[in-house]
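The residues making up each chain are set out below.
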Amino acid sequence: MTLAQMKGKVLALIEELNPHSELLTDDPDIAAKLLPVIEQVMIELSRLKKLPRLITKEVKKGELLDFAALQALCGREIYQLGLITGVEYLLRAGGTVVQILSDGTAQVDVFVYPLPIEGDDYAFELSRDVLEIMPYGIAADLLKTDLSADGGKIYAQRYADLLRLLDPRYQLPGVQILGGVTL
């Protein structure tokens, strides 16, 4: 879904859509708030249904990988580390620095923020289930100060209900034991 499509969905939902207007609405307050609210809700939802990326790097014993180094390798802003495989390691600094304890190829799962929105042709990276929830969160925030719309409470309640149904997993968890188990 593109930004233009999301704007259309939200404005139609709150009955403010004017397809003949360059801004898609005749309400200047809503037009001014629309993009910042979309970005805020997008970030919120991306932390619930994470955007995973895999970083593979040859590492040496004693090397430190902090968020800045991982972000440079990934080319994206990272907010959380996931599973690390391929080498022995120790997490430091509250889980934001990886101290490598053996030479090898580290495979580091990370979770990233979506790319910043740039233009109406921006394509959201979020999954379809999240994109279907997003308009309700945006509508709730847009209308929270609108007394005639009862503060967007209807949209806020619908958004909260849909968030409870959102499954944050991409797959069922599993366990893999390498090298056998001694009991």
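Above this text you will find the structure in question.
Residues numbered from 1 in each chain as written. Predicted model: local features only at pLDDT ≥ 70, side-chain atom pairs only at ≥ 80, totals over all residues. Heavy atoms only, no water.

## With respect to the packing of helix α1 (residues 3–13) against helix α4 (residues 128–143)
In step 1: Relative orientation of the contacting elements α1 and α4 amounts to 55°, with a least axis distance of 9 Å. One way to sum up the angle between α1 and α4 is to call them oblique. Both α1 and α4 take part in a crossing whose hand is right-handed. Within the contact between the two elements, α1 uses M6, K9, V10 and L13 and α4 uses L131, E132, M134, P135, Y136, I138, A139 and L142.
In step 2: A per-class count over the contact of α1 with α4 returns 10 nonpolar, no polar and two charged. (Axes fitted to C-alpha atoms, helices over the stretch in contact; angles between N-to-C directions. Helix = DSSP H or I, 4+ residues; strand = E, 2+ residues; numbered from the N terminus. Parallel < 35°, antiparallel > 145°, perpendicular 65-115°, else oblique. Left-handed = near helix turned anticlockwise from the far one by under 90°. Contact = heavy atoms within 4.5 Å. Nonpolar A, V, L, I, M, F, W, Y, C, P; charged D, E, K, R; others polar.)

## Concerning the nonpolar core
In step 1: Grouped together as the largest cluster of nonpolar side chains are 45 residues, with contacts concentrated most on I38, F124, M134, I138 and L142.
In step 2: When sequence neighbours within four positions are dropped, the list of residues in contact with M134 reads M6, I38, V41, M42, L45, F124 and L126. (Core = buried A, V, L, I, M, F, W, Y, C linked by side-chain atoms within 4.5 Å. Buried < 20%, exposed > 50% of the residue type's maximum accessible area, 1.4 Å probe, protein only.)

## As for helix α2 (residues 28–48)
In step 1: Look at α2: 31 Å from first C-alpha to last across 21 residues, which is about the 30 Å you get at 1.5 Å a residue.
In step 2: Along its length, α2 shows its largest kink, about 40°, at L34, and proline P36 lies within four residues downstream of that point.
In step 3: For α2, the complete set of buried residues consists of I30, L34, V37, I38, V41, M42, L45 and S46.
In step 4: Tucked into the core, α2 has its buried residues touching α1, β1 (51–59), β3 (78–85), α4 and α5 (153–165).
In step 5: At the N-terminal end of α2, a side-chain oxygen is found 2.9 Å from the backbone nitrogen of D29, two or three residues along, and the residue is D27. (Expected span 1.5 Å × (residues − 1). Bend = angle between axes of the 7 residues up to and from the residue. Polar contact = N/O pair within 3.5 Å; in protein donor to acceptor, adjacent residues only side chain to side chain.)

## Regarding the pattern of salt bridges
In step 1: Tallied over the full model, the rule gives eight salt bridges.
In step 2: Residues D120 and K7 are paired through a salt bridge, measuring 2.9 Å at the closest nitrogen-oxygen approach. Of this pair, D120 sits in the loop between β6 (104–112) and α4 while K7 sits in helix α1; the two residues are 113 residues apart in sequence, bridging distant segments of the chain.
In step 3: You can call K7 buried: its relative accessible area is 17%.
In step 4: Two residues, E63 and K57, come together in a salt bridge whose shortest N-O distance is 2.9 Å.
In step 5: You can call E63 partly exposed: its relative accessible area is 21%.
In step 6: Classification of K57 as partly exposed rests on a relative accessible area of 23%. (Salt bridge = Lys/Arg side-chain N within 4 Å of Asp/Glu carboxyl O.)

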